[in-house]
Amino acid sequence: MHPDLVVRADTVLTVDESFSREEAFAVYGDEITAVGTHEAITELAGPETEILDVEDQTVLPGFIDAHCHMTFRGRSDYLEVDLGPETVGSMDELVAELAAEAEATPEGEWIVGAGHDDTKLEERRHPTRHDLDEASTDHPIMITPAGGHVAMVNTRAIETAGIDGDTPDPDGGHFEREDDGYPNGILHEAANDPFDALIPDPTPEEDQAALRAVCERYNSKGITGVGEAVVHPKEIRMYRDGAKRDNLSVRAYLMVLQDHFDDLNRLGIDSGFGDEMVKIGLIKNFVDGAIAARTAYLEEPYEGRNDRGDLVISQEELNEQIMDAHEAGYQIGVHANGDAAIEMLLDAYERALEAHPREDHRHRIEHGTMVNDEIVDRIEELNLCVLPFSTYIYQHGDDKLSEYGDRLERMFPYNSYLERGIPVGGSSDNPAGLLPPLLGIRTMVTRKTRSGDAISPHEAISVEEAIRVYTTGAAYCSFEEAIKGSIEPGKLADFVVLSDDPTEVPANDIHEIDVEATYLGGEAVYTG
């Protein structure tokens, strides 16, 4: 039987076990059937076989962003006010964007902004309720930074939520307060929840439009698979409907929040349930705050501060929740950034694995940012997967990481993990982190910030290793290495066409390589 598609390139980086370089491959249906030379593969073609000639370009497996927030990115792009650094550079500009939205919004309806970055504003601070009141006192306003974990609201929002100076801080979060105890509008972790609950959910049609648009954005960066890192039941429905309606053009591995574990378990919906487009992945939990927000939970206080960051769960609760999900047979992924948070998580994983040994659990540390030698030893011993931020050094290294001081030398430790054989998956954490996998690869290889400063260069890895992180490594972290992550017979025909070979250009230029086309299951989902 003749293939449906033959792809002929200058170089095919297969990312197989030996990282072999080929020239061409054949596709039948949505699978790769043969890989080899131009001549050998062309001979397989029949009269109706499509020939894709990209003989001056390089083909790789499609990139897999194994931890990102594609739903959040889609909704913020499509439904919320853009407050990112490309749009606003000062508090006045931020207020002006919100005020313009208020003028077009009926009184009393919520205004939601996204993408705010305090370190990119002239004032280098978050807005308080008083700043946001300048945009409107007739609308409740809530804005979130790209990285989440903190949020800001105006006075109308505080009043709408029924919160005042006597409202206690919730477990796992807190309100920043003015001298008289009244919230100043800056919220941390669980303090966001009362406000989130008041904001109307998008309609199904709005969600489908946002999903279609964000898939196009991800495809344009060469991405064919994602790990969706915060999933409620409504997102499961959104993804399933998106696949049925051809609005979904990436394969999605869903990380369902711990809050819904009991429901999944009762229904018998376990890790791996689904198909090659949409699959229930793991149970997602959290230990601490965010690196970019400087709220990760550390062993020692932050530079110039008296606190160690935000802890959102107790050791006892974490132990119990990890034990329950592990005993039920689920894969687990837990957000843990700071060294103290990671130690807590390792204790919980160790306890569960001792009680109920499982050889191939592939439990994960989502981020695993700050480590020491003992932590790396324990991660290796427990056979955990880790998904560090790929683009954070480039994005935040010049302005957001100073409060970590000398501890920067042991953050984003790609080399330490890979040297020990610890499985590592590519992760942008977009929109918290910049999306392009090629920028992630460049950053893992050079460890350079935007300004060109190198952070902990001893943690740099090779281009080939970085490509593996975004392909076979990411696939392994979701139990999908048998079907994707490399260009080999029997694998899904998910691939990206690049203008240049990332292994041949100067490392500093990798992020400037153009994505010419992206294919999912042998079908073009993006052409530049």
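Residues numbered from 1 in each chain as written. Predicted model: local features only at pLDDT ≥ 70, side-chain atom pairs only at ≥ 80, totals over all residues. Heavy atoms only, no water.

1. A closer look at the side chain of N337
Note on placement: N337 falls in the loop between β15 (331–336) and α11 (339–355). For N337, a relative accessible area of 1% gives the class buried. Of the polar contacts made by the side chain of N337, one reaches the side chain of H335; its length is 3.3 Å. Ignoring anything within four residues of it in the chain, the contact list for N337 reads D288, G289, A290, I291, A296, I342, H367, G368, T369, M370 and F389. (Helix = DSSP H or I, 4+ residues; strand = E, 2+ residues; numbered from the N terminus. Buried < 20%, exposed > 50% of the residue type's maximum accessible area, 1.4 Å probe, protein only. Polar contact = N/O pair within 3.5 Å; in protein donor to acceptor, adjacent residues only side chain to side chain. Contact = heavy atoms within 4.5 Å.)

2. Topic: unusual backbone geometry
Cis peptide bonds are those with omega within 30 degrees of zero, and the linkage from N430 to P431 qualifies with 10 degrees. Turning to its location among the elements, P431 is positioned in the loop between α14 (414–419) and α15 (437–446). The backbone phi angle of R362 is positive, close to 55 degrees, even though this residue is not glycine. Of note, R362 is situated in the loop between α11 and β16 (364–367). Given the relative accessible area of 7%, R362 is considered buried. You will see that S456, though not glycine, has its phi angle at about 40 degrees, which is positive.

3. Remarks on the pattern of salt bridges
Taken as a whole and assessed by the stated rule, the structure comprises 35 salt bridges. The shortest N-O distance in the salt bridge between D207 and R75 comes to 2.8 Å. Of this pair, D207 sits in helix α7 (residues 204–219) while R75 sits in helix α2 (residues 70–79), and the two are 132 residues apart along the sequence. A single burial state applies to D207 and to R75, both of which are buried. With a shortest N-O distance of 2.7 Å, D263 and R266 are connected by a salt bridge. Of the two residues, D263 and R266 are both situated in helix α9 (residues 261–267); the distance of 3 residues between them amounts to about one turn of the helix. Here the salt bridges share partners, and the residues they tie into one network are D118, R294, R305, D307 and E403. (Salt bridge = Lys/Arg side-chain N within 4 Å of Asp/Glu carboxyl O.)

4. Focus on the packing of α7 against helix α8 (residues 233–244)
At a minimum axis distance of 10 Å, the contact between α7 and α8 shows a crossing angle of 65 degrees. The angle between α7 and α8 falls in the class roughly perpendicular. Considering the relative orientation of α7 and α8, their crossing is right-handed. Judged by residue contacts, D207, Q208 and L211 of α7 engage M238, Y239, D241 and G242 from α8. Classifying every residue of the contact of α7 with α8 by side-chain character gives 3 nonpolar, 2 polar and 2 charged. (Axes fitted to C-alpha atoms, helices over the stretch in contact; angles between N-to-C directions. Parallel < 35°, antiparallel > 145°, perpendicular 65-115°, else oblique. Left-handed = near helix turned anticlockwise from the far one by under 90°. Nonpolar A, V, L, I, M, F, W, Y, C, P; charged D, E, K, R; others polar.)

5. Comments concerning helix α16 (residues 463–476)
The end-to-end C-alpha separation of α16 is 19 Å, in line with the 20 Å expected for 14 residues at 1.5 Å each. Its maximal kink placed at V469, α16 deviates by approximately 45 degrees. Considered for burial, the residues of α16 that qualify are V463, A466, I467, V469, Y470, T471, G473, A474 and A475. Where α16 is buried, its residues touch β1 (5–13), β4 (50–61), β5 (63–68), α14 and α15. (Expected span 1.5 Å × (residues − 1). Bend = angle between axes of the 7 residues up to and from the residue.)

6. Considering the packing of aromatic side chains
A complete count under the given rule lists 8 aromatic pairs for this structure. Judged by centre distance (3.9 Å) and plane angle (5 degrees), the rings of F389 and Y392 are stacked. The two residues F389 and Y392 agree in class, both being buried. Aromatic pair F389 and F412: ring centres 6.4 Å apart, planes at 65 degrees, arrangement edge-to-face. In this pair, F389 is assigned in the loop between β17 (385–387) and α13 (392–396) and F412 in the loop between α13 and α14, connecting sequence segments 23 residues apart. Accessibility classification places F389 together with F412 in one group, the buried group. A connected cluster of aromatic rings, assembled from ring pairs, spans F25, F495 and Y519. Between the NZ or CZ atom of R305 and the centre of the ring of Y302, over which it lies, the distance is 3.9 Å. (Phe/Tyr/Trp six-rings, centres within 6.5 Å; stacked < 30°, edge-to-face > 60°. Lys NZ or Arg CZ within 6 Å of the ring centre and 35° of its normal.)

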